[in-house]
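# Structure assessment
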Amino acid sequence: MAQSKPDAQRRSRSGDAATAKHKQLESFSQAPENLLTTTQGVVVPDNHGSLRAGARGPTLLEDFLLREKLTHFDRERIPERVVNARGASAHGHFELYRSLGQYTKADFLQEAGLRTPVFVRFSGFSGERGSADTVRDLRGFAVKFYTREGNYDLVGASAPVFFIQDAMKFPDLVHALKPEPHHGMPQASSAHDTFWDFVSLMPESTHALMWLMSDRALPRSWRMMEFFGVHSFRFINAHGASHFVKFHWKPKLGRHALAWDEAQKLAGRDPDFLRRDLWESIARGHCPEWELGVQLVEEGKADALGIDLLDPTKLIPEEVVPVQAIGKLVLNRNPENFFAESEQVAFNPGHLVPGIDFSNDPLLQGRLFSYLDAQVARLGGANFHELPINRSLCPFHNHQRDGLHRIGLPKGQVSYEPNTLANGSEFRVDGGHQGFQSHEDVMDASKVRRRSVSFDDHYSQATLFWNSQGPAEKDHIVCAFQNELARVETPAIRQRVVDNLAHVDARLARKVAEPLGMVADAKAAAGRAGFREHRGKVTVESSPALSMESAVSPLVTRRVAVLVDSGVEIGALKIFQQALAEHQVTLKIVAGHLGVVSTSSGQQLQVDHCFLTASSVLFDAVLVPGGAAHAQALAANGRAVHFVLEAYRHCKPICVIGEGVELLRSLGIDADTPSAEGVLVGKGDPAGRVPLAQEFIGAMARHRHWTRSRLDTVMA
Ligand code: HDD
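Residues numbered from 1 in each chain as written. Predicted model: local features only at pLDDT ≥ 70, side-chain atom pairs only at ≥ 80, totals over all residues. Heavy atoms only, no water.

Our focus in this paragraph is the overall build of the chain. Secondary structure assignment for the chain yields 20 helices and 18 strands. Compactness check: the chain gives a C-alpha radius of gyration of 29 Å against a globular reference of 27 Å for 716 residues, within 12% of the reference. Dimensions of the chain, computed from C-alpha atoms along their principal axes, come out at roughly 90 × 75 × 60 Å. By residue count, 51% of the 716 residues in the chain fall in the buried class. Pairs at least 24 residues apart make up 74% of the contacts formed inside the chain by residues separated by at least 6 positions. Working note: accessible area of the chain is about 33,900 Å², and carbon and sulfur atoms make up 54% of it. Distance between charge centres in the chain, computed from 79 positive and 83 negative side chains, equals 3 Å. (Helix = DSSP H or I, 4+ residues; strand = E, 2+ residues; numbered from the N terminus. Rg over C-alpha atoms; globule rule 2.2 N^0.38 Å. Buried < 20%, exposed > 50% of the residue type's maximum accessible area, 1.4 Å probe, protein only. Contact = heavy atoms within 4.5 Å. Areas by Shrake-Rupley, 256 points an atom, 1.4 Å probe, with all protein chains shown as cover. Lys, Arg positive; Asp, Glu negative; His and termini not counted. Charge placed at Lys NZ, Arg CZ, Asp CG, Glu CD.)

Right under this line is the structure:
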């Protein structure tokens, strides 16, 4: 690549005197953009061939142009993250709603309206860097706040609970989940023997498994996901008073999931589905937003909750401690370079600012070691904080020096403390009261390698999650367990899982066990190591906040496919276009071929996608306008028929107008039966168009009509 102009200008400005050399550099900065140089700035005369002894002879070792190019290329890959390897990011800001000075002295949480720049990375937990986006997985949500007091990282996930209680088990969990070591399969999937072997022997994973098998693991969009800080952290105010705090990120677009069949098909149709969705929505100015919420528990009142706040397999039901919204996160700028920003960004739950502190959660405590260690290994040394994406925006000053890839140019003689040489008077940092003060926790305990008995309740919150799900969500959980376990080859592992599930809910266990040809036996689980009978205090029987089923939410950025063929009647289409535009919904015209189709009134309608590339899984809803010839042609087109059937099976809103109803009839779909909820039929008369469009908008607000029954009979 040619030297970029700003770089060359910076270099040219660095010389003080306007020497001849200076002038020469300035003129270089105006060189044409297509001038190619080596990394030393030497112009490359020909980038198509190496230096050879004769046109048909061997390549010469002296060809430094070739060697430089290949040497750099050979080192272009860095180790991928050991977990959460696949992801993508965006820039934005966090805006505080109201001062939290009562609870924390963190500077970025004091002033209502203050905006703090952020960088956010979304990721999948299990897959490698090149895996597909829509696999069933826990998702990561890591936020770097560039505050005036230093960088603060909140490194969370799509579930408020984790699989294990102690960091000692993290490598075991990840080894069991990742592709099996002998053959390197399967990619980005928990549906295999080693994962279920491990979790079946670790009942503490049961609650997180319920989340992983639920719709939460199949997001329609990262922009439509709820995320959590998982652990209890501490807010510390200016007087040193401590509150436990749990963080929640609530998406403004609501929480929506894909159907399992759809997620699998999307992994093939568009493995980049989620990152493309994020990128395109920001590029179009639809900036995703989340509210940051906190659950606060006064330190002295934590015991009365009956939930051990140090146990990362437990949540606090929102009905017990409400979530208070404290600010909003807006993502409004795509990265400019994927590697420099998304790959090199280094998060660490240990990046704290004064006013926020850790709890003694043993999973969190282990993370405090692991992240820095992982960054040093992955980014090749101790100076990764100097990479632009990791650099704090506030100034920093210390006496760390040297090391691989040192970028900054620390000046002067002094790199130690205390000293008098730096500015002539003594500079000393002694236990003052400024800066980060660790919360003064009183400790007087024996050194033990033992868990608290309060960590022993492995099932009551798994049951709470199950009880809180709607009927369709429960069906999806059952199907997910069945699907995963049917792929497990060792019967004894399957048996252990269903036995464990019997302690969550007898009906759940029975339904999962049926197609596996097994009978769940709670007593068998009870006899195994790791099992504890202990059940904690039941705070609530069911928590509606844990269900996503009844969510009705804004339509912004949803995508509607309009299926057309020659002879389509576009009177109604125009009304729908207007109505949906008000909700910022995107309509795409899908036909048998690209180019244009003729409408019934002889106009030309521009086509956006043809059936070769457009699949129903890429859309949220389907609209089939009227027009006799058009409807007949679509009904005779296998791809169009499949499109509608598949959308029906994935419970998406479908609206057919006028003769378009023929398409539905030929598929055996009767819009008048209750099982066809979300399927709308309009006569196409001018008076009915506006109400029909509004009805369609209402159906889309529900996102999916999961209650559609007998879907197994639908071929798609
Ligand atoms: Fe972790 C990456 C989230 C437990 C060790 N983790 C990583 C990322 C996220 C999480 C979102 C990706 C950050 C990015 O986008 O760059 N991790 C979690 C959550 C956990 C959790 C929510 C439980 C509540 N993690 C956890 C434990 C350990 C680690 C217990 C080790 C003791 N995590 C790592 C790591 C990674 C990482 C190995 C991989 C690469 C990296 O950090 O930068 O250090």
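Now that the structure has been shown, we can carry on.
Moving on: the pattern of salt bridges. Opposite charge on two side chains allows them to pair when their charged atoms are near. The tally for this structure, following the rule as stated, stands at 36 salt bridges. Here Asp 402 makes a salt bridge to Arg 401, at a shortest N to O gap of 3.2 Å. Assessed through its relative accessible area of 45%, Asp 402 is described here as partly exposed. A relative accessible area of 54% places Arg 401 in the exposed class. Note that Glu 426 and Arg 428 form a salt bridge whose closest N and O atoms lie 2.8 Å from each other. Its relative accessible area of 47% is what places Arg 428 among the partly exposed residues. Because the salt bridges share partners, they merge into one network encompassing Arg 86, Asp 133, Asp 270, Asp 272 and Arg 276. (Salt bridge = Lys/Arg side-chain N within 4 Å of Asp/Glu carboxyl O.)

Once that is clear, we can look at the site of the ligand. Around the ligand sit 24 residues, and of these Arg 81, Arg 121, Arg 367, Tyr 371 and Gln 375 come closest. Interatomic distance of 2.7 Å between a side-chain N/O atom of Tyr 371 and a nitrogen atom of the ligand. Between Gln 375 and the ligand, the recorded distance is 2.8 Å, taken from a side-chain N or O atom to an oxygen atom. Only strand 3 (139–147), strand 4 (150–157) and helix 10 (362–379) provide two or more residues apiece to the shell around the ligand. At seven residues, the largest contribution of residues to the shell around the ligand is made by helix 10. Classifying every residue of the shell around the ligand by side-chain character gives 14 nonpolar, seven polar and three charged. (Near = heavy atom within 4 Å. Polar contact = N/O pair within 3.5 Å; in protein donor to acceptor, adjacent residues only side chain to side chain. Nonpolar A, V, L, I, M, F, W, Y, C, P; charged D, E, K, R; others polar.)

In this section: the coordination of the iron atom of the ligand. A lone protein donor binds the iron atom of the ligand: Tyr 371 (OH), at 1.8 Å. Topologically, Tyr 371 is positioned in helix 10. (Donors = N, O, S within 2.8 Å, 3.2 Å for Na, K, Ca; no water.)

For the rest of this paragraph, the subject is the packing of helix 5 (residues 193–200) against helix 13 (residues 491–501). Helix-helix packing is described using two parameters, namely the angle between the two axes and the distance between the axes. Close contact between helix 5 and helix 13 brings their axes to 9 Å; oriented N to C, the two are set at 45°. Judged by the angle between their axes, helix 5 and helix 13 are oblique. Where helix 5 crosses over helix 13, the handedness of that crossing is left-handed. Where helix 5 approaches helix 13, its residues Asp 193, Trp 196, Asp 197, Val 199 and Ser 200 are matched on the opposing element by Ile 493, Arg 496, Val 497 and Asn 500. In the contact of helix 5 with helix 13, the residues fall into four nonpolar, two polar and three charged. (Axes fitted to C-alpha atoms, helices over the stretch in contact; angles between N-to-C directions. Parallel < 35°, antiparallel > 145°, perpendicular 65-115°, else oblique. Left-handed = near helix turned anticlockwise from the far one by under 90°.)

It is worth spelling out the packing of aromatic side chains at this point. The description of an aromatic ring pair uses the distance of the two centres, along with the angle that the planes make with each other. One pass over the structure, following the stated rule, counts 28 aromatic pairs. Ring centres 5.3 Å apart and planes at 65° place the aromatic pair Phe 122 and Phe 141 in the edge-to-face group. Linking Phe 122 in strand 2 (residues 115–124) with Phe 141 in strand 3, this pair joins segments that are 19 residues apart in sequence. The burial state of Phe 122 is the same as that of Phe 141; both residues are buried. Between the aromatic rings of Phe 619 and Phe 643, the centroid separation amounts to 6.1 Å while the plane-to-plane angle is 45°, which identifies the pairing as tilted. Taken together, the residues Phe 619 in the loop between strand 15 (609–610) and strand 16 (621–624) and Phe 643 in helix 18 (residues 638–649) connect sequence positions 24 residues apart. Given a relative accessible area of 2%, Phe 643 falls into the buried group. Here the guanidinium or amino end of Arg 136 rests over the ring plane of Trp 260, the centre of that ring lying 4.7 Å away. Across from the ring centre of Phe 347, 5.2 Å away, lies the NZ or CZ of Lys 144, which sits over that ring. (Phe/Tyr/Trp six-rings, centres within 6.5 Å; stacked < 30°, edge-to-face > 60°. Lys NZ or Arg CZ within 6 Å of the ring centre and 35° of its normal.)

A separate point is the packing of helix 12 (residues 471–486) against helix 14 (residues 506–513). Orientation of helix 12 relative to helix 14, taken along the N-to-C sense of each, is 45°, at an axis distance of 9 Å. One way to sum up the angle between helix 12 and helix 14 is to call them oblique. Of the two possible hands of crossing, helix 12 and helix 14 adopt the one that is right-handed. Note on element contacts: helix 14 touches helix 12 through Arg 507, Leu 508, Lys 511 and Val 512, opposite Lys 474, Asp 475, Ile 477, Val 478, Phe 481, Gln 482 and Leu 485. Of the residues assigned to the contact of helix 12 with helix 14, the class counts are six nonpolar, one polar and four charged.

Residue placement: Lys 537 occurs in the loop between helix 15 (522–526) and strand 11 (559–563). Taking the C-alpha atoms as reference points, Lys 537 and Thr 116, separated by 421 residues in sequence, lie 40 Å from one another. Sequence-distant contacts of Lys 537, defined by excluding residues within four places in its chain, comprise Ala 304, Leu 305 and Gly 306.

A word on the side chain of His 650. Within the secondary structure, His 650 sits in the loop between helix 18 and strand 17 (654–657). Judged by relative accessible area, which is 1%, His 650 ranks as buried. Leaving out residues up to four positions away in the same chain, His 650 has contacts with Ala 259, Asp 261, Glu 262, Lys 265, Val 617, Arg 704 and Trp 706.

By definition, the strands of a sheet pair up through backbone hydrogen bonds, in either a parallel or an antiparallel sense. One open sheet holds the six strands; their spatial order is 15-12-11-16-17-18, and the pairing between them is parallel. The open sheet has two edge strands with one neighbour each: strand 15 and strand 18 (679–682). Pairing geometry for strand 11 and strand 12 (residues 586–591), over five bridges, is parallel. By the bridge assignment for strand 12, Val 562 is matched with Ile 589. Along the sheet face, helix 16 (residues 571–582) touches strand 11, strand 12, strand 16 and strand 17 and points at about 145° away from the line of strand 12. Contacting strand 11, strand 16, strand 17 and strand 18, helix 20 (residues 686–701) crosses the sheet at an angle of about 175° to strand 18. (Pairing = 2+ DSSP bridges.)

In this structure, Phe 235 and Trp 249 are the most contacted members of the largest nonpolar core, which totals 78 residues. Broken down by element, this core gets its largest block of residues, seven residues, from helix 18. One finds Leu 173, Phe 195, Phe 228 and Leu 464 within the second-largest nonpolar core, a separate group that totals 52 residues. (Core = buried A, V, L, I, M, F, W, Y, C linked by side-chain atoms within 4.5 Å.)

Let us look at unusual backbone geometry. Pro 186 follows Met 185 through a cis peptide bond whose omega is -5°. With respect to the secondary-structure elements, Pro 186 resides in the loop between helix 4 (170–177) and helix 5. Cis geometry is adopted by the peptide bond preceding Pro 418, which originates at Glu 417 and carries an omega value of 5°. Its identity is not glycine, yet Gln 584 carries a phi of approximately 55°, on the positive side. You can see Gln 584 is positioned in the loop between helix 16 and strand 12. Overall, the relative accessible area of 39% leaves Gln 584 in the partly exposed class. The phi dihedral of His 703 is positive, around 70°, even though this residue is not glycine. Along the chain, the position of His 703 falls in the segment after helix 20. You can call His 703 buried: its relative accessible area is 3%.

Fair warning: the whole summary comes from geometry, so function is off the table for now.
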